[in-house]
Amino acid sequence: MQHIDKIYIDGAFVTPHGEEWFDLFNPAKETVIGRVRLADAEDARRAVAAAKRALPAFSRTSKKERIALLERMHAAVQAREDELFEAIVEEYGAPVSRARWMAKYAADVLAEVTKVLRTYEFTRHAGTAEVVMQPLGVAGLITPWNSNGGFICGKLAAAIAAGCTAVIKPSEMSAIQTRIITAVLHEAGLPAGVFNIVTGRGDTVGAEISAHPDVAKISFTGSTPVGKTILRTGAETLKRVTLELGGKSPMVILDDADFAEAVPLALQAGFMNSGQACIAGTRILVPQSRAAEFEERVRFEVARMQAGDPRDPATQIGPMVSRKQWERVQCYIRIGIDEGARLIAGGEGRPEGLEHGWFVRPTVFSGVSNDMTIAREEIFGPVLSIIAYRDTEEAIAIANDTSYGLQAYVLSADAARARAVATRIDAGRVLINTLAHEPAAPFGGFKQSGIGREYGTFGLEAFMEPKSLLGVN
Ligand code: NAD
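Worth saying up front: this structure is predicted, and the values here are computed from it rather than measured.

1. Here's the deal with the packing of aromatic side chains
Move 1: Going through the model one piece at a time under the given rule, you end up with nine aromatic pairs.
Move 2: Judged by centre distance (5.0 Å) and plane angle (15°), the rings of Trp101 and Tyr105 are stacked. With a gap of four residues between them, Trp101 and Tyr105 both fall in helix H4 (residues 96–119), about one helical turn apart.
Move 3: The exposure class of Tyr105 is buried, given its relative accessible area of 11%.
Move 4: An aromatic cluster is present here, built from Tyr8, Phe13 and Phe195 joined pairwise through their rings.
Move 5: Seen from the ring of Phe85, Arg100 lies directly overhead, with NZ or CZ sitting 4.1 Å from the centre.
Move 6: The residue whose ring lies beneath Arg350 is Trp326, and the NZ or CZ to ring-centre distance is 4.8 Å.

Shown next, in the form of structure tokens:
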């Protein structure tokens, strides 16, 4: 039983002013595994004040000094990968293969930002002017529960590389993972106030950070409705925002695709992170002429998938993070049935043999039309929709007929043809015949999937503003 009663402000572990206690669960067992004392708005204000005090000195540190800091952070996080891995399985319920990737990713993302910083030029020229990239100031970093360590480390790394100081508000549901990350980053020995971590509720701590006049920038990953609230709140002080929001990504399978490869890949993309992934390919677009063949293979593949104990290496789909999330997913499965979509795998309730734990049956609907609720709204669970199309033009139209635009996938035997389709899809990333991640490439959404980009040079520059110096030459 974990008892977490400290937050991190100004280089020290302190007792929060907030007095509310929040239960932490093991989602595979539905048991309480810890309690966290939550920060409140007063704690958020203290954290912002600490970050503001640290800013003048930190924003003037050299590139070399920041690289050295990032390298120490990387080494510290890497050294505790196993502890983080344990917490991810226990508190989030990620299957072990996924949890291992996530634990490693928290360190990897620090190394990636360091790589970008090494070659980044903070000064360039435009005509007679010298243009200096200047850190924005105090950054508020607000993160969700579905990849806690990775999001904290990724956003903080970019903020630090740019010369910003930070106040981090992680999800209250990930407090055990956050405790490890906080301890590790403290060990890395960053100057006091450069980063502060205040775990609390979104509508108190998150709202305070979004409104605070001394916060210049918000980098948020989470749901689209909360992203809109943050944008509205931040507008009062014209905060710069990066919003990484929801998705309803199309998986476009062209008529020449080899289904022996396409079906496992589509299911992997749809069910990744137990379906709790913003980039999950949840709308599978298949040619009408081959829909029956596709369905048959899907039935076969899903029947072989294991949903259950995250500690079993054979498990591909773990539990939903919370009861609320489980109920939400069940509700969408019911809506799909009621709207007339055809269940070809899974359905309501838990997978066979599991009486407790927030497990969902890997579920695939076919005969889905793109105007059904299950094709329009982000479910954030292992529930996929197969949508048939007549020709490539219609496939592109359906792919783009969504309020989201985070990621898309195109599968084809002909790479040039797939590329041509990819260029016409409105999404921040389009993956062609692959699920590989490219950390150097920008990541972010079109439309209501967000504003701005993370990763690589684009992600670094999201924490800076260009300043032109004229008359210097
Ligand atoms: P959420 O929007 O409910 O919460 C995200 C964070 O915002 C949490 O820390 C929460 O406490 C905080 N928050 C809540 N209300 C707030 C407010 N009024 N002001 C400020 N902060 C507030 O999202 P979630 O349920 O934690 O995560 C799932 C969502 O995240 C999904 O919609 C998913 O698509 C999205 N997501 C997006 C990406 C991406 O990169 N685009 C990645 C992962 C998850």
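Structure's up, so let's keep going.
2. Regarding the domain arrangement of the protein
Move 1: Structurally, the protein comprises domain 1 (2–245 + 448–469) and domain 2 (250–439).
Move 2: Domain 1 and domain 2 are separated by 30 Å when their C-alpha centres are compared.
Move 3: At the junction of the two partners, domain 1 supplies 28 residues and domain 2 supplies 34 residues.
Move 4: Both sides together, the interface formed by domain 1 and domain 2 hides about 2,500 Å², and carbon and sulfur atoms give 57% of it.
Move 5: A per-residue breakdown of the area domain 1 buries against domain 2 is headed by Glu30, Pro95 and Trp145, which together make up 21% of the total.

3. Considerations on the nonpolar core
Move 1: Leu70, Met73 and Leu156 are the most contacted members of the largest nonpolar core, which totals 69 residues.
Move 2: Here the element with the most residues in this core is H4; it accounts for twelve residues.
Move 3: In contact with Leu70, not counting residues within four places along its chain, are Leu110, Val113, Thr114, Leu117, Ala157, Ile160 and Ala161.
Move 4: Listed in part, the 31 residues of the second largest apolar core include Ile374, Ile398, Ala422 and Ala427.

4. Here we look at empty space enclosed by the protein
Move 1: Taken as a whole and judged by the stated rule, the model has two cavities of 30 Å³ or more.
Move 2: Approximately 60 Å³ is the volume attributed to the largest cavity.
Move 3: Taken together, Gly247, Lys248, Ser249, Gly275, Ala277, Cys278, Ala280, Thr282, Glu378, Ile379, Phe380 and Gly381 form the lining of the largest cavity.
Move 4: Class assignment for the residues of the lining of the largest cavity results in five nonpolar, five polar and two charged.
Move 5: Computed from the structure, the second largest cavity encloses a volume of approximately 30 Å³.

5. Structural notes on the pattern of salt bridges
Move 1: Scanning the model with the defined rule gives 34 salt bridges in all.
Move 2: The partner of Glu187 in a salt bridge is Arg80, and the shortest N-O contact between them spans 2.7 Å. Residue Glu187 is found in helix H6 (residues 175–187), and its partner Arg80 is found in the loop between helix H2 (63–79) and helix H3 (81–92); the two are separated by 107 residues along the sequence.
Move 3: Put simply, Lys155 and Glu454 hold a salt bridge, and the shortest N to O gap is 2.9 Å. Residue Lys155 is located in helix H5 (residues 148–162), and its partner Glu454 is located in the loop between strand E20 (450–451) and helix H15 (456–461); the two are separated by 299 residues in the primary sequence. For the residue pair Lys155 and Glu454, the accessibility class agrees, reading buried in each case.

6. Overview of the sheet that holds strand E16 (residues 363–366)
Move 1: Pairing is mixed in the open sheet, where seven strands are placed in the order E15-E16-E17-E14-E13-E18-E19. In the strand order of this sheet, the two ends are held by strand E15 (342–345) and strand E19 (429–432), each with one partner. Across this sheet, the average inter-strand angle for adjacent strands is 25°, counted without regard to direction.
Move 2: Bridge count for strand E13 (residues 250–253) against strand E14 (residues 283–287) is three bridges, and the pairing is parallel. Paired with Val252 across the bridge in E14 is Leu285.
Move 3: Across the sheet, helix H11 (residues 323–338) is in contact with E15, E16 and strand E17 (383–389); its angle to E16 comes to roughly 20°.

7. Observations concerning the environment of Asn273
Move 1: With respect to the element layout, Asn273 can be found in the loop between helix H9 (259–271) and E14.
Move 2: The class of Asn273 is buried, set by a relative accessible area of 6%.
Move 3: Once residues lying within four places of it in the same chain are set aside, the contact partners of Asn273 are Tyr92, Arg98, Met102 and Asn146.

8. A few points about a nonpolar patch on the surface
Move 1: Together, Met1, Phe25 and Val32 line one region of the surface with nonpolar side chains, adding up to about 300 Å² of accessible area.
Move 2: Considering the arrangement of structural elements, one finds Met1 in the segment before strand E1 (2–4).
Move 3: Judged by relative accessible area, Met1 falls into the exposed class, the value being 71%.

9. A short note on the side chain of Arg429
Move 1: Positionally, Arg429 belongs in strand E19.
Move 2: A distance of 3.1 Å separates polar atoms of two side chains, one belonging to Arg429 and the other to His437.
Move 3: Leaving out residues up to four positions away in the same chain, Arg429 has contacts with Leu406, Gln407, Ala408, His437, Glu438, Ala441, Pro442, Phe443 and Tyr455.

Cut-offs and rules
Residues numbered from 1 in each chain as written. Predicted model: local features only at pLDDT ≥ 70, side-chain atom pairs only at ≥ 80, totals over all residues. Heavy atoms only, no water. Phe/Tyr/Trp six-rings, centres within 6.5 Å; stacked < 30°, edge-to-face > 60°. Helix = DSSP H or I, 4+ residues; strand = E, 2+ residues; numbered from the N terminus. Buried < 20%, exposed > 50% of the residue type's maximum accessible area, 1.4 Å probe, protein only. Lys NZ or Arg CZ within 6 Å of the ring centre and 35° of its normal. Domains from an automatic or database assignment. Contact = heavy atoms within 4.5 Å. Buried area = accessible area lost by both parts, 1.4 Å probe. Core = buried A, V, L, I, M, F, W, Y, C linked by side-chain atoms within 4.5 Å. 1 Å grid on protein atoms, 1.4 Å probe; cavity = no way out; pocket = protein on both sides within 12 Å on 5 of 7 lines; lining within 4 Å. Points joined across faces, edges and corners; volume = space filled by probe spheres on them. Nonpolar A, V, L, I, M, F, W, Y, C, P; charged D, E, K, R; others polar. Salt bridge = Lys/Arg side-chain N within 4 Å of Asp/Glu carboxyl O. Pairing = 2+ DSSP bridges. Axes fitted to C-alpha atoms, helices over the stretch in contact; angles between N-to-C directions. Patch = residues over 30% accessible without salt bridge, like charges linked within 9 Å, V, L, I, M, F, W, Y side chains within 5 Å. Areas by Shrake-Rupley, 256 points an atom, 1.4 Å probe, with all protein chains shown as cover. Polar contact = N/O pair within 3.5 Å; in protein donor to acceptor, adjacent residues only side chain to side chain.

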